[in-house]
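Secondary and tertiary structure notes
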Amino acid sequence: MSLDIVLILLIDGLSTGAIYLLAGLGFVLVFSVTRVIFIPSGDIAAFAALTLAAFQSRTVPGSIWLVAAMAVLACLAECVTLVRNGSARRLPHAIFFYAVLPLIPCIAGLAIAKQDVPEILRIAITMALILPMGVLIDRLTLRPLATSSTLILFIVAIAVHFLIAGIGLIVFGPEGVRTNPILDGVASLPGGVVVPAQQILMMIVALLLSLVFYLFFGRSITGKALRATASNRVGARLMGIRPERAAAAAYLIASGLAAIVGILIAPVTTMYYDSGFMIGLKASVGAIIGGMASYPITAIGSVFIGILESGASFVASDYKEIIIFSVVIPVLIWRSFAVHRDGDEEIEELA
(Lines give C-alpha, C1' and ligand atoms only; values in the text may rest on other atoms or scores of the structure.)
Protein backbone atom coordinates (compact mmCIF):
# COMPACT_ATOMS: atom_id res chain seq x y z
CA MET A 1 0.00 0.00 0.00
CA SER A 2 1.62 3.23 -1.20
CA LEU A 3 1.52 6.57 0.57
CA ASP A 4 -0.84 7.95 -2.08
CA ILE A 5 -3.38 5.20 -1.39
CA VAL A 6 -3.12 5.80 2.35
CA LEU A 7 -3.75 9.51 1.82
CA ILE A 8 -6.76 8.82 -0.44
CA LEU A 9 -8.24 6.41 2.09
CA LEU A 10 -7.63 8.87 4.93
CA ILE A 11 -9.39 11.72 3.11
CA ASP A 12 -12.28 9.44 2.17
CA GLY A 13 -12.50 8.25 5.77
CA LEU A 14 -12.48 11.79 7.15
CA SER A 15 -15.25 12.90 4.79
CA THR A 16 -17.34 9.83 5.65
CA GLY A 17 -16.59 10.33 9.33
CA ALA A 18 -17.80 13.92 9.02
CA ILE A 19 -21.19 12.59 7.90
CA TYR A 20 -21.34 10.11 10.78
CA LEU A 21 -20.27 12.89 13.15
CA LEU A 22 -23.24 15.07 12.25
CA ALA A 23 -25.68 12.17 12.47
CA GLY A 24 -24.09 10.97 15.72
CA LEU A 25 -24.49 14.37 17.38
CA GLY A 26 -28.20 14.19 16.59
CA PHE A 27 -28.39 10.72 18.13
CA VAL A 28 -26.73 11.83 21.36
CA LEU A 29 -28.80 15.00 21.63
CA VAL A 30 -32.16 13.24 21.24
CA PHE A 31 -31.21 10.34 23.51
CA SER A 32 -29.85 12.54 26.30
CA VAL A 33 -33.02 14.64 26.36
CA THR A 34 -35.72 12.03 25.62
CA ARG A 35 -34.09 8.56 26.13
CA VAL A 36 -35.08 7.73 22.54
CA ILE A 37 -32.55 6.17 20.17
CA PHE A 38 -33.83 8.08 17.16
CA ILE A 39 -33.33 5.50 14.40
CA PRO A 40 -35.59 7.41 11.93
CA SER A 41 -33.01 10.20 11.71
CA GLY A 42 -31.31 8.20 8.97
CA ASP A 43 -34.57 8.10 7.03
CA ILE A 44 -34.87 11.87 7.39
CA ALA A 45 -31.39 12.22 5.84
CA ALA A 46 -32.41 10.01 2.92
CA PHE A 47 -35.64 11.96 2.42
CA ALA A 48 -33.68 15.22 2.33
CA ALA A 49 -31.47 13.85 -0.46
CA LEU A 50 -34.45 12.53 -2.42
CA THR A 51 -36.34 15.80 -1.97
CA LEU A 52 -33.45 17.88 -3.28
CA ALA A 53 -33.03 15.49 -6.22
CA ALA A 54 -36.73 15.91 -7.07
CA PHE A 55 -36.42 19.69 -6.99
CA GLN A 56 -33.36 19.51 -9.26
CA SER A 57 -35.28 17.36 -11.74
CA ARG A 58 -38.19 19.84 -11.55
CA THR A 59 -40.72 17.42 -10.13
CA VAL A 60 -42.85 17.68 -7.02
CA PRO A 61 -41.18 15.65 -4.23
CA GLY A 62 -43.35 13.19 -2.35
CA SER A 63 -42.04 14.56 0.92
CA ILE A 64 -44.33 17.58 0.49
CA TRP A 65 -47.44 15.42 0.78
CA LEU A 66 -45.86 13.33 3.54
CA VAL A 67 -45.01 16.36 5.69
CA ALA A 68 -48.42 17.92 5.04
CA ALA A 69 -50.23 14.72 6.12
CA MET A 70 -48.04 14.36 9.21
CA ALA A 71 -48.64 18.01 10.13
CA VAL A 72 -52.42 17.62 9.95
CA LEU A 73 -52.37 14.42 12.01
CA ALA A 74 -49.97 15.86 14.61
CA CYS A 75 -52.08 19.01 14.91
CA LEU A 76 -55.24 16.96 15.45
CA ALA A 77 -53.51 14.77 18.04
CA GLU A 78 -52.20 17.79 19.95
CA CYS A 79 -55.54 19.60 19.85
CA VAL A 80 -57.40 16.54 21.15
CA THR A 81 -54.87 16.15 23.98
CA LEU A 82 -55.15 19.81 24.96
CA VAL A 83 -58.95 19.71 25.02
CA ARG A 84 -58.94 16.54 27.16
CA ASN A 85 -56.49 18.15 29.61
CA GLY A 86 -58.52 21.35 29.87
CA SER A 87 -55.88 23.48 28.14
CA ALA A 88 -58.00 24.78 25.27
CA ARG A 89 -56.36 28.21 25.57
CA ARG A 90 -53.19 26.69 24.06
CA LEU A 91 -54.99 25.54 20.90
CA PRO A 92 -53.86 28.52 18.75
CA HIS A 93 -50.23 27.84 19.67
CA ALA A 94 -50.61 24.14 18.84
CA ILE A 95 -52.24 24.87 15.47
CA PHE A 96 -49.51 27.36 14.59
CA PHE A 97 -46.67 25.08 15.68
CA TYR A 98 -47.89 21.75 14.31
CA ALA A 99 -49.87 22.86 11.24
CA VAL A 100 -49.05 26.37 10.03
CA LEU A 101 -45.25 26.24 10.34
CA PRO A 102 -44.80 22.83 8.64
CA LEU A 103 -47.23 23.73 5.84
CA ILE A 104 -45.39 26.94 4.87
CA PRO A 105 -42.40 25.10 3.30
CA CYS A 106 -44.84 22.63 1.69
CA ILE A 107 -46.52 25.51 -0.12
CA ALA A 108 -43.15 27.02 -1.01
CA GLY A 109 -42.00 23.66 -2.36
CA LEU A 110 -45.05 23.37 -4.60
CA ALA A 111 -44.40 26.88 -5.88
CA ILE A 112 -40.78 26.29 -6.94
CA ALA A 113 -40.91 22.56 -7.81
CA LYS A 114 -41.18 23.06 -11.57
CA GLN A 115 -39.48 26.44 -11.75
CA ASP A 116 -35.93 27.35 -12.67
CA VAL A 117 -34.70 28.78 -9.38
CA PRO A 118 -31.24 29.21 -7.86
CA GLU A 119 -29.74 26.08 -6.31
CA ILE A 120 -29.39 27.74 -2.93
CA LEU A 121 -33.16 28.29 -2.85
CA ARG A 122 -33.80 24.61 -3.57
CA ILE A 123 -31.48 23.64 -0.73
CA ALA A 124 -33.10 26.14 1.66
CA ILE A 125 -36.62 24.90 0.93
CA THR A 126 -35.47 21.29 1.24
CA MET A 127 -34.05 22.10 4.67
CA ALA A 128 -37.23 23.90 5.73
CA LEU A 129 -39.39 21.05 4.44
CA ILE A 130 -37.45 18.30 6.22
CA LEU A 131 -36.82 20.24 9.45
CA PRO A 132 -40.20 19.55 11.14
CA MET A 133 -40.19 15.82 10.40
CA GLY A 134 -38.50 14.84 13.65
CA VAL A 135 -40.94 16.88 15.74
CA LEU A 136 -43.93 15.46 13.86
CA ILE A 137 -42.66 11.88 14.21
CA ASP A 138 -42.19 12.46 17.92
CA ARG A 139 -45.69 13.88 18.38
CA LEU A 140 -47.41 11.09 16.47
CA THR A 141 -45.51 8.03 17.69
CA LEU A 142 -43.05 8.65 20.53
CA ARG A 143 -44.49 11.28 22.85
CA PRO A 144 -47.54 9.17 23.81
CA LEU A 145 -45.00 6.64 25.15
CA ALA A 146 -42.63 9.18 26.73
CA THR A 147 -42.84 7.57 30.18
CA SER A 148 -42.11 4.06 28.88
CA SER A 149 -38.79 2.30 29.34
CA THR A 150 -35.85 2.91 27.03
CA LEU A 151 -36.28 -0.56 25.55
CA ILE A 152 -39.92 0.11 24.62
CA LEU A 153 -38.96 3.45 23.06
CA PHE A 154 -36.18 1.72 21.11
CA ILE A 155 -38.57 -0.90 19.75
CA VAL A 156 -41.06 1.78 18.76
CA ALA A 157 -38.29 3.78 17.05
CA ILE A 158 -37.35 0.73 14.97
CA ALA A 159 -41.00 0.18 14.06
CA VAL A 160 -41.29 3.83 13.05
CA HIS A 161 -38.24 3.41 10.81
CA PHE A 162 -39.82 0.53 8.92
CA LEU A 163 -43.08 2.46 8.62
CA ILE A 164 -41.30 5.54 7.25
CA ALA A 165 -39.19 3.43 4.90
CA GLY A 166 -42.35 1.83 3.50
CA ILE A 167 -43.93 5.25 3.02
CA GLY A 168 -40.70 6.41 1.38
CA LEU A 169 -40.95 3.61 -1.16
CA ILE A 170 -44.47 4.77 -2.02
CA VAL A 171 -43.76 8.50 -2.30
CA PHE A 172 -40.25 8.38 -3.83
CA GLY A 173 -40.15 5.05 -5.64
CA PRO A 174 -37.33 2.46 -5.69
CA GLU A 175 -34.97 4.39 -7.98
CA GLY A 176 -31.67 5.70 -6.66
CA VAL A 177 -30.66 9.33 -7.20
CA ARG A 178 -27.68 11.61 -6.96
CA THR A 179 -27.86 15.36 -6.63
CA ASN A 180 -25.68 17.99 -8.27
CA PRO A 181 -22.54 18.80 -6.26
CA ILE A 182 -22.82 21.91 -4.14
CA LEU A 183 -19.20 22.66 -4.97
CA ASP A 184 -17.67 21.63 -8.30
CA GLY A 185 -14.01 21.11 -8.95
CA VAL A 186 -11.15 19.34 -7.22
CA ALA A 187 -8.17 20.19 -5.05
CA SER A 188 -4.74 18.74 -5.78
CA LEU A 189 -2.57 17.57 -2.90
CA PRO A 190 1.15 16.80 -2.95
CA GLY A 191 1.83 13.53 -4.72
CA GLY A 192 -0.89 14.03 -7.32
CA VAL A 193 -3.77 13.10 -4.99
CA VAL A 194 -7.01 14.73 -6.13
CA VAL A 195 -9.74 15.55 -3.62
CA PRO A 196 -13.26 16.52 -4.81
CA ALA A 197 -14.42 19.86 -3.50
CA GLN A 198 -17.63 18.23 -2.23
CA GLN A 199 -15.63 16.06 0.19
CA ILE A 200 -13.75 19.10 1.45
CA LEU A 201 -17.10 20.83 1.98
CA MET A 202 -18.36 17.86 4.02
CA MET A 203 -15.39 18.09 6.39
CA ILE A 204 -15.61 21.89 6.71
CA VAL A 205 -19.35 21.78 7.48
CA ALA A 206 -18.78 19.10 10.13
CA LEU A 207 -16.08 21.21 11.80
CA LEU A 208 -18.19 24.37 11.71
CA LEU A 209 -21.30 22.68 13.08
CA SER A 210 -19.24 21.04 15.83
CA LEU A 211 -18.07 24.51 16.83
CA VAL A 212 -21.66 25.79 16.68
CA PHE A 213 -22.74 22.90 18.92
CA TYR A 214 -20.05 23.77 21.45
CA LEU A 215 -21.07 27.43 21.53
CA PHE A 216 -24.79 26.59 21.53
CA PHE A 217 -24.62 24.32 24.58
CA GLY A 218 -22.09 26.47 26.40
CA ARG A 219 -23.39 29.97 25.77
CA SER A 220 -27.08 29.99 24.79
CA ILE A 221 -30.05 29.75 27.17
CA THR A 222 -31.73 27.08 25.01
CA GLY A 223 -28.57 24.99 24.96
CA LYS A 224 -28.23 25.19 28.73
CA ALA A 225 -31.90 24.22 29.07
CA LEU A 226 -31.31 21.15 26.93
CA ARG A 227 -28.28 20.21 29.03
CA ALA A 228 -30.30 20.66 32.21
CA THR A 229 -33.11 18.46 30.86
CA ALA A 230 -30.58 15.81 29.85
CA SER A 231 -29.00 15.85 33.33
CA ASN A 232 -32.20 15.84 35.41
CA ARG A 233 -35.68 16.06 33.92
CA VAL A 234 -37.37 16.57 37.30
CA GLY A 235 -34.92 19.26 38.34
CA ALA A 236 -35.29 20.98 34.99
CA ARG A 237 -39.09 21.00 35.37
CA LEU A 238 -38.75 22.50 38.87
CA MET A 239 -36.61 25.26 37.39
CA GLY A 240 -39.33 26.12 34.86
CA ILE A 241 -37.96 24.18 31.88
CA ARG A 242 -40.67 22.17 30.12
CA PRO A 243 -39.32 18.76 29.03
CA GLU A 244 -41.80 18.69 26.13
CA ARG A 245 -40.35 21.87 24.67
CA ALA A 246 -36.82 20.63 25.27
CA ALA A 247 -37.68 17.40 23.45
CA ALA A 248 -39.17 19.35 20.53
CA ALA A 249 -36.00 21.45 20.30
CA ALA A 250 -33.87 18.30 20.36
CA TYR A 251 -35.87 16.67 17.56
CA LEU A 252 -35.78 19.90 15.56
CA ILE A 253 -31.99 20.13 15.80
CA ALA A 254 -31.57 16.42 15.03
CA SER A 255 -33.78 16.77 11.94
CA GLY A 256 -31.73 19.74 10.79
CA LEU A 257 -28.51 17.76 11.18
CA ALA A 258 -30.05 14.81 9.31
CA ALA A 259 -31.16 17.10 6.48
CA ILE A 260 -27.64 18.50 6.20
CA VAL A 261 -26.27 14.95 6.12
CA GLY A 262 -28.59 14.01 3.26
CA ILE A 263 -27.80 17.15 1.26
CA LEU A 264 -24.03 16.72 1.70
CA ILE A 265 -23.82 13.00 0.97
CA ALA A 266 -26.21 12.82 -2.00
CA PRO A 267 -23.71 14.20 -4.57
CA VAL A 268 -21.14 11.49 -3.74
CA THR A 269 -23.39 8.50 -2.93
CA THR A 270 -26.44 7.15 -4.71
CA MET A 271 -29.36 7.52 -2.32
CA TYR A 272 -32.42 5.27 -2.16
CA TYR A 273 -35.52 5.52 -0.02
CA ASP A 274 -33.95 3.16 2.56
CA SER A 275 -30.32 4.31 2.38
CA GLY A 276 -30.65 6.28 5.58
CA PHE A 277 -30.95 3.18 7.75
CA MET A 278 -27.32 2.15 7.25
CA ILE A 279 -26.14 5.74 7.71
CA GLY A 280 -28.01 5.89 11.00
CA LEU A 281 -26.67 2.54 12.19
CA LYS A 282 -23.05 3.47 11.51
CA ALA A 283 -23.53 6.87 13.13
CA SER A 284 -25.03 5.11 16.15
CA VAL A 285 -21.76 3.18 16.55
CA GLY A 286 -19.96 6.49 17.01
CA ALA A 287 -22.66 7.58 19.46
CA ILE A 288 -22.26 4.33 21.41
CA ILE A 289 -18.51 4.93 21.62
CA GLY A 290 -19.42 8.26 23.21
CA GLY A 291 -21.72 6.48 25.66
CA MET A 292 -24.75 8.22 24.08
CA ALA A 293 -23.83 11.16 26.30
CA SER A 294 -20.48 12.73 25.36
CA TYR A 295 -20.43 14.94 22.27
CA PRO A 296 -16.61 15.16 21.95
CA ILE A 297 -16.12 11.40 22.28
CA THR A 298 -19.00 10.81 19.85
CA ALA A 299 -17.28 13.09 17.35
CA ILE A 300 -13.98 11.23 17.75
CA GLY A 301 -15.71 7.86 17.55
CA SER A 302 -17.63 8.87 14.41
CA VAL A 303 -14.47 9.99 12.63
CA PHE A 304 -12.80 6.75 13.71
CA ILE A 305 -15.68 4.74 12.22
CA GLY A 306 -15.37 6.66 8.96
CA ILE A 307 -11.64 5.99 8.70
CA LEU A 308 -12.15 2.35 9.69
CA GLU A 309 -14.82 1.92 7.01
CA SER A 310 -12.58 3.45 4.37
CA GLY A 311 -9.69 1.17 5.28
CA ALA A 312 -11.92 -1.89 5.54
CA SER A 313 -13.40 -1.15 2.10
CA PHE A 314 -9.89 -1.32 0.62
CA VAL A 315 -8.53 -4.26 2.59
CA ALA A 316 -11.63 -6.47 2.95
CA SER A 317 -14.61 -4.87 1.24
CA ASP A 318 -16.79 -7.96 1.68
CA TYR A 319 -16.43 -7.77 5.45
CA LYS A 320 -16.42 -4.02 6.05
CA GLU A 321 -19.86 -4.00 7.69
CA ILE A 322 -18.83 -6.80 10.05
CA ILE A 323 -15.63 -4.95 10.95
CA ILE A 324 -17.47 -1.70 11.64
CA PHE A 325 -20.20 -3.16 13.82
CA SER A 326 -17.73 -5.42 15.64
CA VAL A 327 -16.33 -2.24 17.21
CA VAL A 328 -19.51 -2.06 19.29
CA ILE A 329 -18.71 -5.31 21.14
CA PRO A 330 -15.59 -4.20 23.07
CA VAL A 331 -17.16 -0.80 23.71
CA LEU A 332 -20.27 -2.35 25.23
CA ILE A 333 -18.17 -4.76 27.31
CA TRP A 334 -16.12 -1.86 28.64
CA ARG A 335 -19.27 0.16 29.32
CA SER A 336 -20.84 -2.75 31.19
CA PHE A 337 -17.82 -2.98 33.51
CA ALA A 338 -17.90 0.81 34.03
CA VAL A 339 -21.60 0.76 34.91
CA HIS A 340 -21.08 -2.21 37.24
CA ARG A 341 -18.26 -0.40 39.00
CA ASP A 342 -20.37 2.74 39.44
CA GLY A 343 -23.20 0.66 40.84
CA ASP A 344 -20.86 -0.99 43.37
CA GLU A 345 -19.58 2.42 44.43
CA GLU A 346 -23.15 3.67 44.99
CA ILE A 347 -23.96 0.56 47.08
CA GLU A 348 -20.83 1.14 49.19
CA GLU A 349 -21.78 4.78 49.71
CA LEU A 350 -25.29 3.78 50.84
CA ALA A 351 -23.85 1.20 53.24
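Our subject is the structure that appears above.
Residues numbered from 1 in each chain as written. Predicted model: local features only at pLDDT ≥ 70, side-chain atom pairs only at ≥ 80, totals over all residues. Heavy atoms only, no water.

1. Considering the environment of Ala287
For clarity, the threshold we go by: The helix and strand labels rest on DSSP assignments: H or I over at least four residues marks a helix, E over at least two residues marks a strand, and numbering proceeds from the N terminus. Three exposure classes are used, based on accessible area relative to the maximum for each residue type with a 1.4 Å probe and protein chains only: buried under 20%, partly exposed in between, and exposed over 50%. Two residues qualify as a contact provided that any one of their heavy atoms is within 4.5 Å of a heavy atom in the partner residue.
Tracing the sequence through the fold places Ala287 in helix H12 (residues 276-289). Classification of Ala287 by relative accessible area gives buried; the value is 0%. Sequence separation between Ala287 and Ile253 is 34 residues, and the spatial gap between their C-alpha atoms is 16 Å. Ignoring anything within four residues of it in the chain, the contact list for Ala287 reads Gly24, Phe27, Val28, Met292 and Thr298.

2. Examining the packing of aromatic side chains
Here is the rule we go by: Stacked, tilted and edge-to-face pairs are distinguished by plane angle, under 30 degrees for stacked and over 60 for edge-to-face with tilted covering the rest, among Phe, Tyr and Trp rings (Trp via its six-membered ring) whose centres lie within 6.5 Å.
Tallied over the full model, the rule gives eight aromatic pairs. Plain terms: the ring middles of Phe162 and Phe277 are 6.4 Å apart, the flat faces sit at 40° to each other, and that makes the pair tilted. Of this pair, Phe162 sits in helix H7 (residues 150-172) while Phe277 sits in helix H12; the two residues are 115 residues apart in sequence, bridging distant segments of the chain. A relative accessible area of 52% means that Phe162 is categorised as exposed.

3. With respect to the packing of helix H1 (residues 3-34) against H12
Put simply, the rule reads: Axes here mean lines fitted to C-alpha atoms, for a helix over just the part in contact, with angles spanning 0 to 180 degrees between N-to-C directions. With respect to orientation, any angle under 35 degrees is reported as roughly parallel, any angle over 145 as roughly antiparallel, any angle of 65 to 115 as roughly perpendicular, and every other angle as oblique. Gly counts as polar in this scheme, as do all residues outside two lists: the nonpolar Ala, Val, Leu, Ile, Met, Phe, Trp, Tyr, Cys and Pro, and the charged Asp, Glu, Lys and Arg.
For the pair H1 and H12, interaxial distance at closest approach is 8 Å and the crossing angle is 70°. By the angle between their directions, the pair H1 and H12 is classed as roughly perpendicular. Here H1 contributes Ile19, Tyr20, Ala23, Gly24, Phe27 and Val28 to the contact with H12, which in turn contributes Ile279, Gly280, Lys282, Ala283, Ser284 and Ala287. Of the residues contributing to the contact of H1 with H12, the split by class is eight nonpolar, three polar and one charged.

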